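Commentary on secondary and tertiary structure
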Amino acid sequence: MEHSTSTWRTAVSATLHCLTGCAVGEVLGMVLGTALGWSTATTVAVSVALAFLFGYALTARSVLAAGVALSTAFGVALAADTVSIATMEVVDNLVMVAVPGAMTAGLADWLFWASLAGSLAVAFAVAVPVNRWLISRGRGHAVVHRYHH
């Protein structure tokens, strides 16, 4: 039971870490797309690209602090975050697109911000069990934890 509880705690922590980078990129992409009047497809594409960029950068930064080479840190970030970020981005953007009016709401509209916050919360809830599964198999953020000890 303790191992299971510990694995869930680790999964929640890993997902929160991953969500931080994803959210920065996702929010920046959505704000840019909305402010500049981009199409839904362009806004989603830029949001996804920025989510991966910021997600990988956040993880690579923490691994670099352990004194490893940049190429190693980037490889660890890819191994640790790809599935988690992909899961969150698919869910997050599906929710945003599914909420009527969310993608066309302006930056001053509560619907834009509520939909964005809600989509990130749903993405987090879906990604936690995915990350737990990865961690229990020595993958995902379990790879990063090898550099923190």
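This text goes with the structure placed above it.
Heads up: these notes are all about the structure in this document.

Calculation criteria
Residues numbered from 1 in each chain as written. Predicted model: local features only at pLDDT ≥ 70, side-chain atom pairs only at ≥ 80, totals over all residues. Heavy atoms only, no water. Helix = DSSP H or I, 4+ residues; strand = E, 2+ residues; numbered from the N terminus. Rg over C-alpha atoms; globule rule 2.2 N^0.38 Å. Buried < 20%, exposed > 50% of the residue type's maximum accessible area, 1.4 Å probe, protein only. Contact = heavy atoms within 4.5 Å. Core = buried A, V, L, I, M, F, W, Y, C linked by side-chain atoms within 4.5 Å. Polar contact = N/O pair within 3.5 Å; in protein donor to acceptor, adjacent residues only side chain to side chain. Expected span 1.5 Å × (residues − 1). Bend = angle between axes of the 7 residues up to and from the residue. Axes fitted to C-alpha atoms, helices over the stretch in contact; angles between N-to-C directions. Left-handed = near helix turned anticlockwise from the far one by under 90°. Nonpolar A, V, L, I, M, F, W, Y, C, P; charged D, E, K, R; others polar.

Overview of the overall build of the chain
Along the backbone of the chain there are 5 helices and 0 strands. When its helices and strands are written in sequence order, the chain yields α-α-α-α-α. Against the 2.2 N^0.38 benchmark of 15 Å for 149 residues, the chain shows a C-alpha radius of gyration of 16 Å, consistent with a compact globule. Considering only C-alpha atoms, the chain reaches an extent of 45 × 35 × 20 Å along its principal axes.

A few points about the environment of Thr7
Tracing the chain through its elements places Thr7 in helix 1 (residues 2-35). Using a relative accessible area of 5% as the deciding quantity, one classes Thr7 as buried. Taking the C-alpha atoms as reference points, Thr7 and Ala79, 72 residues apart in sequence, are found 18 Å from one another. Dropping the residues within four chain positions of it, Thr7 is found in contact with Arg132, Ile135 and Ser136.

Examining the nonpolar core
Core analysis: the biggest nonpolar cluster contains 18 residues, and Cys18, Cys22, Tyr56, Ile85 and Met88 have the highest contact counts within it. Put simply, the parts of the chain that give this core at least two residues each are helix 1, helix 2 (40-64), helix 3 (70-98) and helix 4 (110-136). The element contributing the most residues to this core is helix 3, with 6 residues. Apart from the residues lying within four places of it in its own chain, the contact partners of Cys22 are Ala51, Gly55, Ile85, Met88 and Glu89. Of all hydrophobic cores here, the second largest spans 9 residues; its members include Met30, Met96, Ala102 and Leu116.

Notes on the side chain of Ser47
Tracing the sequence through the fold places Ser47 in helix 2. On the accessibility criterion, Ser47 (0% relative accessible area) is buried. A distance of 2.8 Å separates a polar side-chain atom of Ser47 from the backbone oxygen of Thr43.

Concerning helix 3
Counted at 1.5 Å a residue, the expected span for helix 3 with its 29 residues is 42 Å, and the 39 Å between its end C-alpha atoms agrees. Helix geometry: helix 3 is bent most strongly at Asp81, by close to 50°.

Looking at the packing of helix 3 against helix 4
Relative orientation of the contacting elements helix 3 and helix 4 amounts to 145°, with a least axis distance of 8 Å. You can see that helix 3 and helix 4 cross each other, and the crossing is right-handed. Between helix 3 and helix 4, the residues in contact are Val83, Ser84, Thr87, Met88, Val91, Asp92, Val95 and Met96 and Phe112, Ser115, Leu116, Ser119, Leu120, Val122, Ala123, Val126, Ala127, Val130, Asn131 and Leu134, respectively. Class assignment of the residues belonging to the contact of helix 3 with helix 4 gives a composition of 14 nonpolar, 5 polar and 1 charged.

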